[in-house]
Amino acid sequence: MVAWRPTPMSRRSLLCITLAVAIPLAGCTSGRGPEPLPPPAPPASGAMRLVAFDSCERLAADLKQAAKASVGPYGFPGSAPVPEAVSVGGARTMADSAGAAADSGGAAAPAHSSTNNHEQDADEPDIVKTDGRRIVTVQHGTLRVIDAATRRLTGKLNLGLPLAGDQLDLLLSGNVALVLASGGMGRYIADKGAPAPVGPQVLSVDLSGPPRIISRYKGEGTLVDARLTGSTARVVLRTAPRITFPLSSGAADDADRVAANRKTIDGASADAWLPTWEVTTDGTTSKGTVDCGRVSRPTDYSAASMVSILTFDLTRPALGSGDPVTVVADGDTVYATGESLYLAADQRWRLDWFKGRAAAPVRQETDLYRFTTAGNQPPTYAAAGHVPGFLINQYALSEWNGHLRVATTDETKGQSAVRVLRQDGDKLVQTGEVDGLGKGERIYSVRFIGPRGYVVTFRQTDPLYSVDLSDPSHPRVTGELKITGYSAHLQPAGENRLIGVGQEADGNGRVQGTQISLFDVTDPAHPARLAQHQIPAGQSEAEYDPHALLWWPATNLLVVPVTAWPTFDRGLPTGGAVALRVTATGIEQIGMIDQGTVRRSLVVGDVLWTLSDDGIRASRLSTMERVAWLPNV
């Protein structure tokens, strides 16, 4: 069975939806409504920080107050018939990471590529991993192991997941594969008797022989993201309260429904919010619930979700509870290095579709929480701060030389900014900013590389801004390049070179197809585009998920998956991947991989492997000639 994946929208479509949700819906509310409730009282200090609950009674009281202020006629924010908000972007990450450690026995593994991560010391989950000897994939509920030298399938394991369509990812550490199943969401808006969605799962799989499951963790809610540093994995889950609202109560209008929902919240206990888990190892199952004392709250929150950070030591046979560190948070952007993990949350949940919601404006702000990570210990809360505007994704964050660089768009002002923060006690305080980028536009991509930053904004043309961040107190724009179209992702490609993957557009901003650009950023005052490669009517998964992009610096090889959408009279869309050689001054096509919808590419030795939903292909790196095909059967 082929795993279902949502068809990616164009960014123009997402922008239109974003504009649409910013306008209150006519006819959604009645002329009257229950008295708006105030949000929960902030911590006594009034500071922007996380504060632990001192008792389960206090947790229940505060969360009920916040929940009643944010609930609407159809449930919590995000559960209405029309989305509460649409976050444009959200791709997870990229860069050249060191890859997982190979089995210590035998000869050295051949040179091989790794997942296109954001930070080198924080590996990110993906559907394929390699240590140079073996290639491990997770698709359609099955884990497969391929010997890279013989190009043969050596192991296959049905993961026993209830939903074959679950999005699967994995992390690889030595002989252990950590498989992550995404799970579902929305349980709290289901009518009584409706089936509850399946929660996320984390599986530890032993690869030292035939693959076998060592330990299985079952949680609630959905998987947000994960990172692996050394042999320690940190997994972030988002959960919703176990509250069943009376959707079929027969209420006459929205005001009555809000009142009924608030009454339901009044009857809930603290346990309704606390995430539960169970772990099965060697046939023995243990269960547990997050302790009230392990939960912290920010100043403002909807009480519609909690975010938990789990820590798993992959050198141990059992996963355990993950020692959860839990925050009452409404965000789901994770950024991490080898020493820090950041959670970002904003106020988009405040969009007031219905009467009865808290009468508070949507603040154009993003809250940031920093946790320090060391060894195999749970993360420790370090500091918090906030910046104006919203993030596009985790690439808008970068920690460097003791400072955090943040790029955001303020939709009310119609412009973007880059700000620099540093930790001062338990606060993230601003040291400098450069504002006014892309007036009337929004950010489409960001990349920070050492003391420089690059920001792409777009509406009709694509300004690529070069930002000097060498002085954290005085960041400044040093150059700007205006071209048609936009880059949705920026990939470092050697010294003073950037590759942009996005869409070409005409002078009115209408997209024309996939565009791959080579930028020269040697002179910060005059960034230049040296070359471009276009695929008319094309679209690439790399535009919204950088894991789909392969950059192999050893041979300057760039592999980009592309689906080309023909006109109505030219048949069905065609898929595959384009292999390009990037030189100091140009881009040249060296081959096409005709393989349906290519999802990922990787290099092992002198072989290029390309993974699609149907199987994995091996091609000669020099000629792109196919030398092996292993179907997913």
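Cut-offs and rules
Residues numbered from 1 in each chain as written. Predicted model: local features only at pLDDT ≥ 70, side-chain atom pairs only at ≥ 80, totals over all residues. Heavy atoms only, no water. Helix = DSSP H or I, 4+ residues; strand = E, 2+ residues; numbered from the N terminus. Buried < 20%, exposed > 50% of the residue type's maximum accessible area, 1.4 Å probe, protein only. Contact = heavy atoms within 4.5 Å. Disulfide = S-S within 2.5 Å. Pairing = 2+ DSSP bridges.

Engineer: Account for the overall build of the protein chain, naming residues and giving values.
Structural biologist: The number of helices and strands found in the protein chain is three helices and 41 strands. The buried share among the 633 residues of the protein chain stands at 58%. Within the protein chain, counting contacts between residues at least 6 apart in sequence, those at least 24 apart form 58% of the total.

Engineer: Tell me about the state of the cysteines, and please be specific about residues and values.
Structural biologist: Here the structure, examined in full by the defined rule, presents one disulfide. The disulfide partner of Cys 56 is Cys 292, and the S-S distance across this bridge is 2.0 Å. Taking the torsion about the sulfur-sulfur bond, which here is approximately 105 degrees, the covalent link between Cys 56 and Cys 292 counts as right-handed. Here Cys 56, found in helix α2 (residues 56-70), pairs with Cys 292, found in the loop between β13 (284-289) and β14 (295-297); they are 236 residues apart in sequence, far enough to count as distant.

Engineer: Any details on the side chain of Ser 466? Residues and values, ideally.
Structural biologist: Relative to the elements of secondary structure, Ser 466 occurs in strand β27 (residues 461-468). By relative accessible area, Ser 466 is classed as buried at 3%. Aside from chain neighbours lying at most four places away, what touches Ser 466 is Gly 453, Tyr 454, Arg 476, Val 477, Thr 478, Gly 479 and Pro 524.

Engineer: Describe the environment of Val 598, with residues and values.
Structural biologist: Summarising the element assignment, Val 598 is placed in strand β38 (residues 598-604). On the accessibility criterion, Val 598 (3% relative accessible area) is buried. For the pair Val 598 and Asp 613, spaced 15 residues apart in the sequence, the C-alpha separation amounts to 7.5 Å. Contacts of Val 598, omitting those with residues within four sequence positions, involve Glu 541, Pro 561, Gly 576, Ala 577, Thr 610, Leu 611 and Ser 612.

Engineer: Mind laying out the pairing of strand β23 (residues 415-424), listing which residues take part and the relevant values?
Structural biologist: For β23, the tally of buried residues reaches seven of 10 residues, placing the bulk of the element in the interior. The pairing of strand β22 (residues 403-410) with β23 spans eight bridges and is classified as antiparallel. Counted as the bridge partner of Thr 408 is Ala 417 from β23. Between the end of β22 and the start of β23, which pair antiparallel, lie four residues, with Gly 414 showing a positive phi angle near 70 degrees. Sheet topology note: the β23/strand β24 (residues 427-437) ladder contains eight bridges and is antiparallel.

Engineer: Could you give an account of unusual backbone geometry, naming the residues involved and the relevant values?
Structural biologist: One can expect most non-glycine residues to show negative phi and most peptide bonds to be in trans. The backbone of Asp 282 shows a phi angle near 50 degrees, a positive value even though the residue is not glycine. With respect to the helices and strands, the residue Asp 282 is situated in the loop between β12 (276-281) and β13. Residues other than glycine seldom take positive phi values, yet Asp 323 does so here, at roughly 45 degrees. For Asp 323, the position within the fold is in the loop between β15 (306-313) and β16 (325-327). Residue Asp 323 is classed as partly exposed on the basis of its relative accessible area of 39%.

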